Amino acid sequence: QVQLVESGGGLVQAGASLRLSCAASGRTFSSYAMGWFRQAPGKEREFVAAISRSLIRIQYGDSVKGRFTISRDNTKNTVYLQMNSLKPEDTAVYYCAAKNTIDSYGVYVRGNEYDYWGQGTQVTVSS
């Protein structure tokens, strides 16, 4: 089992940057594919980004391509989401998720594919 704790959210103005971190407990972080999702009030959960166990494959949601970057450091049991050029429509609670998989190259875009979730961190972008 793994526990995920997100941090780095906050209130920023449009055009600013934030970096979210998600720290995972346990010694098998490299066994997990990781993803970031977000959910705004009254809206469905949205896929943001995913990264494979091997760091080789990465995928982004259409609304964040070119602005957000996902990365992971398996030595620190942490996955990051660098968010640049933030827009008011990026306002949401951001969640990281982990999927235990033997596929070193798998990336997963559906929330129901993930095994573990963090508690979320609020990102608010003012106009």
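A short tour of the structure in this document, coming up.

Parameters at a glance
Sequence order as written defines residue numbering, which begins from 1 separately in each chain. Given that this is a predicted model, residues contribute local features only at a pLDDT of at least 70 and side-chain atom pairs are listed and counted only at 80 or more, while totals for whole chains, interfaces and linings are drawn from all residues. Heavy atoms throughout the structure, all of them, feed into the side-chain values; hydrogens and water do not. A run of H or I in DSSP counts as a helix once it spans at least four residues, and a run of E counts as a strand once it spans at least two, with each numbered from the N terminus. Exposure is judged per residue with a 1.4 Å probe applied to protein chains only, and the accessible area is read against the type maximum: over 50% gives exposed, under 20% gives buried, and values in between give partly exposed. Working rule for contacts: check all heavy atoms of both residues, and any pair within 4.5 Å makes them a contact. Accessibility throughout is a Shrake-Rupley quantity obtained with a 1.4 Å probe, and a residue counts as covered only by protein chains that appear here. Throughout, disulfides are identified as pairs of cysteine sulfur atoms within 2.5 Å of each other. DSSP bridges decide pairing: two strands pair if at least two such bridges lie between them. Fitting a line to C-alpha atoms yields each axis, with helices limited to the stretch in contact; the angle taken between N-to-C directions then spans 0 to 180 degrees. One side-chain nitrogen of Lys or Arg within 4 Å of one carboxyl oxygen of Asp or Glu is enough to make a salt bridge.

### Observations regarding the overall build of the chain
Summing up its helical and strand segments, the chain has 0 helices and 11 strands in all. Starting at the N terminus and ending at the C terminus, the chain contains elements arranged as β-β-β-β-β-β-β-β-β-β-β. Its C-alpha atoms put the chain at 40 × 25 × 25 Å along the principal axes. Split into buried and exposed, the 127 residues of the chain put 46% on the buried side. Restricting the contact set of the chain to residue pairs at least 6 apart, pairs at least 24 apart contribute 61%. Accessible area for the chain stands at about 6500 Å²; split by element, carbon and sulfur atoms hold 45% of it.

### A few points about the state of the cysteines
Under the defined criterion, the tally for this structure stands at 1 disulfide. The disulfide partner of Cys-22 is Cys-96, and the S-S distance across this bridge is 1.9 Å. Because the torsion about its S-S bond is 45°, the bridge between Cys-22 and Cys-96 counts as right-handed. Of this pair, Cys-22 sits in strand 3 (residues 18-24) while Cys-96 sits in strand 9 (residues 92-100); the two residues are 74 residues apart in sequence, bridging distant segments of the chain.

### Some words on the sheet that holds strand 7 (residues 68-73)
Note: strands within a sheet are paired through backbone hydrogen bonds, in either parallel or antiparallel orientation. Spatially, 4 strands are ordered 1-3-8-7 in an open sheet, and the strand pairing comes out antiparallel. Looking at the sheet topology across the chains shown, the edges are occupied by strand 1 (4-7) and strand 7. On average, each strand axis in the sheet is inclined to that of its neighbour by 15°, with strand direction left out of account.

### Comments concerning the pattern of salt bridges
Inspection of every chain in the model, using the stated rule, returns 5 salt bridges. In this structure, Arg-38 engages Glu-46 in a salt bridge whose closest nitrogen and oxygen atoms are separated by 2.8 Å. For Arg-38, a relative accessible area of 5% gives the class buried. Between Asp-62 and Lys-65 there is a salt bridge whose closest N-O contact spans 3.1 Å.

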